[in-house]
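Residue-level structure breakdown
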Amino acid sequence: MTETKHAAAPPDVGAALPAIELAGVAKEYRAHGETVAAVRGLDLEIAQGEFFSLLGPSGCGKTTTLRIIAGFEEPTAGRVYLHGADVTGVPANKRDVNMVFQSYALFPHMSVWDNVAFGLRRRRVPKEEIRARVGEMLETVDLTGREKRRPAELSGGQQQRVALARALVNRPRALLLDEPLGALDQKLRQAMQVELKRIQREVGITFVYVTHDQGEALTMSDRIAVMNDGRVEQLGTPREIYERPATRFVAGFIGTSNLLAGEVERIGDGRAVISYGPDGRIEVPLRPALPAAPGRRLELTVRPEKITIGTERPGGALCAVRGTVTEVVYLGTSTNYNVSTATGADVVVFTQNATSADHVAARGDTVWLSWEPRHSYAMGAAQ
Amino acid sequence: MTAPATSSPRAPRRRVRRRAVRSGRVLHLYTVLLIAWLLLPIAVMILFGFNDTHSKQNYRWEGFTLRWYRHLFDKRDLTAALVNSLTIALLSTAISTVIGTAAGLALGRHRFRGRGAANLVLFMAISCPEIVMGASLLSMFVTFNLPRGYPTILAAHVMFSIAFVAVTVRARVVGLDPSVEEAAQDLGAGPWTRFRLVTLPMIMPGVVSGALLAFVLSIDDFVITSFTSGATVTFPLWIYGSTRTGTPPQVNVMGTLICAVGVVVALVSARRNVRRLQADRDARGD
Ligand SMILES: Nc1ncnc2c1ncn2[C@@H]1O[C@H](COP(=O)(O)OP(=O)(O)OP(=O)(O)O)[C@@H](O)[C@H]1O
Ligand SMILES: [Mg+2]
């Protein structure tokens, strides 16, 4: 136990070997005479004790990646390492990782206790130790007193926790979770997100977490790999991925992003100034690799919550764009506006309803959208 | 204002209840008639096991006796036939359950070359008219110059039972979540442990009903047995042979006892289901 606690310390302390490493992993399925590439060349290093998420749309290869790590699928190319040991070709029952299935996959004919003890019994752990560890684990997931029940006699959330306990009790090198909260309703889901995060901190085990819910990935993860069509589009912390999406796909997939494009007027002070429509002006910080020059069109994104909506043109160095409100959606704590801008691009704005009770604008109003230049994020040359 | 508002919804409700009472009565009558229809021949069988008959025939009621129960095994050849039937049924059930379960698992779980053909053959084995099957078996045994007798009966019974076991097991397997077995593997169980601790318990209801079906089909099979028996006599064959000279009341007694065993098996399994449901409800109730 102390060993894993150590590993949960900052990555550079125990970073000698990554818990999981994928090197050039690819997987092709043969179905009806055709080959389907589910994963195309993945290189990943997941550190000991890390909460790592695989995030992406349906069919992008998340489950396949997880099953390759677990040992249920053999990659058609590449190697899999667990703690530096090459486990490619080793069957799942001989790998020191455990999986939590989306369907939970509990043993229906066994009690909660027998479900959780299953892995320890297979490894011939002494009876006394099994009793202690299973009891302790059931306490951790708050299922004490329900040991004798069958899975069918538990609620969805309880079944989920049995599945978690059944895997965690073995103290695996890593826990692989395939959309473990997918079958729960919204409220339970949020409660379980907090719970999962707490358990992960307590046991200090590496979690590889598959989800297509970006909110879930952002709130829980240390790092996220955003996947698309069998590839990793971007790898980074939630903040990096949210604030500085590497590709159009990531910008579109994570949160709501407003994509705007305009012609670069001039460049100076590490920024490009873009004229937008007849009277709009946007400033965007430049990055070294970006091909920006006066006269070329540039694409950029702004997050909806960074934009302020007002009736007057703001002064100072703020970015400002004029538009017409096409939709107002009141959401209690916040209000969303859809604004059609001069060049035809639609911009979404989120405002908090903290201060003023009255709406800033109504449908059909002409408004000014403004934000600080540092919140503009350049994506690349626009077509 | 309030009076009609409360009475108007009550009137149709009373009508609904009256309709429920009437349909309840119809259902009751239907149930009684159905039970009578099914029970009558069985009642006659049981009753004539107590018939104090003195002729060779057992057609007319001549008073109550327990004589036939006391002299149940007096007719040596009848007893031998019953023993043959029981051992063949037990053996063929055991063999066909093992083979049929393996087949059902493979067909329900895996895609492999010959799977479609295997499914088709199973269906053919079930739907093929018994008498045609029996006749073909006889000509096959004659062609291969195999002496007919106990082994050929057993082989034939195993053959037609496998299909029934395989089909019931397959139906069970298809409804299972394959990730449950993967979970067992993930937790360190090798192939045999996985089968013993996870797969088999989950398909057990299918295996048991397949086995019961196999047993029932075997013990009273007449058509196929008569083609493959040679000189060996089974219970149904003996009874058929005896009808010309007169069926002794022991036959009724044996039928009654076989039937009683069936009822006990059914009751025990029903009781277990009820108890499990009860336990489930208790567990959920707190
Ligand atoms: N056993 C299989 N045979 C053939 N193709 C498969 C198989 N499993 C997955 N695929 C294909 O591989 C691709 C990736 O599938 P995968 O299950 O990894 O996606 P995913 O990211 O988990 O999606 P989801 O969010 O819907 O679960 C899909 O195009 C899928 O159709
Ligand atoms: Mg998936």
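Reading guide: rules and limits
Here, residues in each chain are numbered from 1, in the same order as that chain's written sequence. Chains carry letters and ligands carry numbers; both start at the beginning, A for chains and 1 for ligands, and go up in the order they are written. The model is predicted, so local features are restricted to residues of pLDDT at least 70 and side-chain atom pairs to those at 80 or more, both for listing and for counting; the totals for chains, interfaces and linings are taken over all residues. Side-chain numbers here rest on the full set of heavy atoms in the structure, without hydrogens or water. Axis definition: a line fit to C-alpha positions, over the contact stretch in the case of helices; interaxial angles, taken between N-to-C directions, run 0 to 180 degrees. Counting from the N terminus, the helices are the DSSP runs of H or I reaching at least four residues and the strands are the DSSP runs of E reaching at least two. Just so you know how the angles are binned, under 35 degrees is roughly parallel, over 145 roughly antiparallel, 65 to 115 roughly perpendicular, and the rest oblique. In this scheme the handedness of a crossing depends on how the near helix is turned from the far one: anticlockwise by less than a right angle means left-handed, clockwise means right-handed. The contact criterion used is simple: two residues touch if any of their non-hydrogen atoms lie within 4.5 Å. Following the grouping adopted for this structure description, the nonpolar residues are Ala, Val, Leu, Ile, Met, Phe, Trp, Tyr, Cys and Pro, the charged ones are Asp, Glu, Lys and Arg, and the polar ones are all others, Gly among them. UniProt positions are given in the numbering used here, feature names are shortened, and annotations may be inferred rather than shown by experiment. The nonpolar core is taken to be a set of buried Ala, Val, Leu, Ile, Met, Phe, Trp, Tyr and Cys residues, with the residues joined through side-chain atoms within 4.5 Å. Partly exposed residues are those whose accessible area sits between 20% and 50% of the maximum for their type, while under 20% is buried and over 50% is exposed, using a 1.4 Å probe and protein chains only. The cutoff for a nearby residue is simple: one of its non-hydrogen atoms must lie within 4 Å of the molecule or strand. Polar contacts here mean pairs of N or O atoms no more than 3.5 Å apart (in protein, one a potential hydrogen donor and the other a potential acceptor; neighbouring residues in sequence count only if both atoms are side-chain atoms). Note on areas: these come from Shrake-Rupley sampling with a 1.4 Å probe, and a residue is covered only by the protein chains present in the view. The criterion for strand pairing is that DSSP finds at least two bridges linking the strands in question. Summed over both partners, buried area is the accessible surface (1.4 Å probe) that two parts give up on being assembled. What makes a salt bridge here is a side-chain nitrogen of Lys or Arg within 4 Å of a carboxyl oxygen of Asp or Glu, nothing more.

Digging into the packing of helix α6 (residues 150–174) of chain B against helix α8 (residues 191–219) of chain B
Residues and elements named next belong to chain B. Running from N to C, α6 and α8 cross one another at 155°; their axes reach a closest spacing of 8 Å. Taken together, the axes of α6 and α8 lie roughly antiparallel to each other. For the crossing formed where α6 meets α8, the hand is right-handed. Residues His157, Phe160, Ser161, Phe164, Val165, Thr168, Val169, Arg172 and Val173 of α6 touch α8, and the partners they reach there are Met202, Ile203, Pro205, Gly206, Val207, Gly210, Ala211, Leu213, Ala214, Leu217 and Ser218. Across the contact of α6 with α8, the residue classes tally to 13 nonpolar, six polar and one charged.

Re the UniProt feature "domain: ABC transmembrane type-1" (unreviewed entry) in chain B
Cross-referencing UniProt, the feature "domain: ABC transmembrane type-1" (unreviewed entry) maps to residues 82–269 of chain B in the present numbering. The span residues 82–269 of chain B is 81% helix and 0% strand, and its two end C-alpha atoms sit 26 Å from each other.

A closer look at the nonpolar core
Counting 48 residues, the largest nonpolar core has Ile20(A), Leu54(A), Phe107(A), Phe118(A), Leu176(A) and Val198(B) as its most contacted members. Of all hydrophobic cores here, the second largest spans 35 residues; its members include Tyr104(A), Leu106(A), Leu120(A) and Met137(A).

Looking at the site of ligand 1
Residue and element names in this part refer to chain A. Within the structure, ligand 1 sits among Tyr29, Ala38, Pro57, Ser58, Gly59, Cys60, Gly61, Lys62, Thr63, Thr64 and Glu179. Ser58 places a polar side-chain atom, nitrogen or oxygen, 2.4 Å from an oxygen atom of ligand 1. Within the backbone of Cys60, a nitrogen or oxygen atom sits 3.2 Å from an oxygen atom of ligand 1. Burial of ligand 1 by the protein amounts to 63% of the accessible area it has alone, namely 640 Å². The leading source of residues in the shell around ligand 1 is helix α3 (residues 62–70), at three residues. Broken down by class, the residue content of the shell around ligand 1 amounts to four nonpolar, five polar and two charged.

With respect to the pairing of strand β4 (residues 77–82) of chain A
Residue and element names in this part refer to chain A. Bridging between strand β1 (residues 20–31) and β4 involves five bridges; their strand directions are antiparallel. Paired with Glu21 across the strands is Tyr81, a residue of β4. What sits between β4 and strand β5 (residues 85–86) in their antiparallel hairpin is a turn of two residues, with His83 showing a positive phi close to 50°.

Side note on the UniProt feature "domain: ABC transporter" (unreviewed entry) in chain A
What UniProt calls "domain: ABC transporter" (unreviewed entry) maps, in this numbering, to residues 20–254 of chain A. Across residues 20–254 of chain A, the secondary structure splits into 36% helix and 28% strand, with the terminal C-alpha atoms separated by 25 Å.

Structural notes on the environment of Met254(B)
Residue and element names in this part refer to chain B. Topologically, Met254 is positioned in helix α11 (residues 249–285). Classification of Met254 by relative accessible area gives buried; the value is 2%. Considering only alpha carbons, one finds Met254 and Ala20, 234 residues apart in sequence, at a separation of 44 Å. The contact partners of Met254, leaving out residues within four places of it in the chain, are Leu72, Phe73, Leu78, Thr79, Leu82 and Phe235.

Here's the deal with the sheet that holds strand β6 (residues 97–100) of chain A
All names here are of chain A. Within the open sheet, the six strands sit side by side as β6-β7-β8-β3-β9-β10. Their pairing is mixed. Edge positions in the sheet fall to β6 and β10 (231–236), since each has one partner strand and no second. Put simply, the sheet's adjacent strands are angled 20° from each other on average, direction ignored. Inspection of the sheet shows β6 paired to strand β7 (residues 174–178) by four bridges, in the parallel sense. Along β7, the bridge assignment pairs Met99 with Leu176.

Some remarks on the interface of chain B and chain A
Taken together, the contacts link 21 residues of chain B with 25 residues of chain A. When the two sides are added together, the surface that chain B and chain A hide from each other amounts to roughly 1,900 Å², 57% of it contributed by carbon and sulfur. Per-residue buried area on chain B facing chain A is highest for Glu182(B), Asp186(B) and Leu187(B); these three make up 34% of the total on that side. Remark: the boundary between chain B and chain A carries one salt bridge.

Let's talk about the environment of Asp43(A)
All names here are of chain A. Along the chain, Asp43 turns up in strand β2 (residues 34–46). For Asp43, a relative accessible area of 55% corresponds to the exposed category. Between the C-alpha atom of Asp43 and that of Pro57, which follows or precedes it by 14 residues, the distance is 19 Å. Residue contacts for Asp43: discarding those within four places in its chain leaves Leu22, Ala23 and Gly24. Within the structure, Asp43 has its side chain in polar contact with the backbone nitrogen of Gly24 (distance 2.7 Å).

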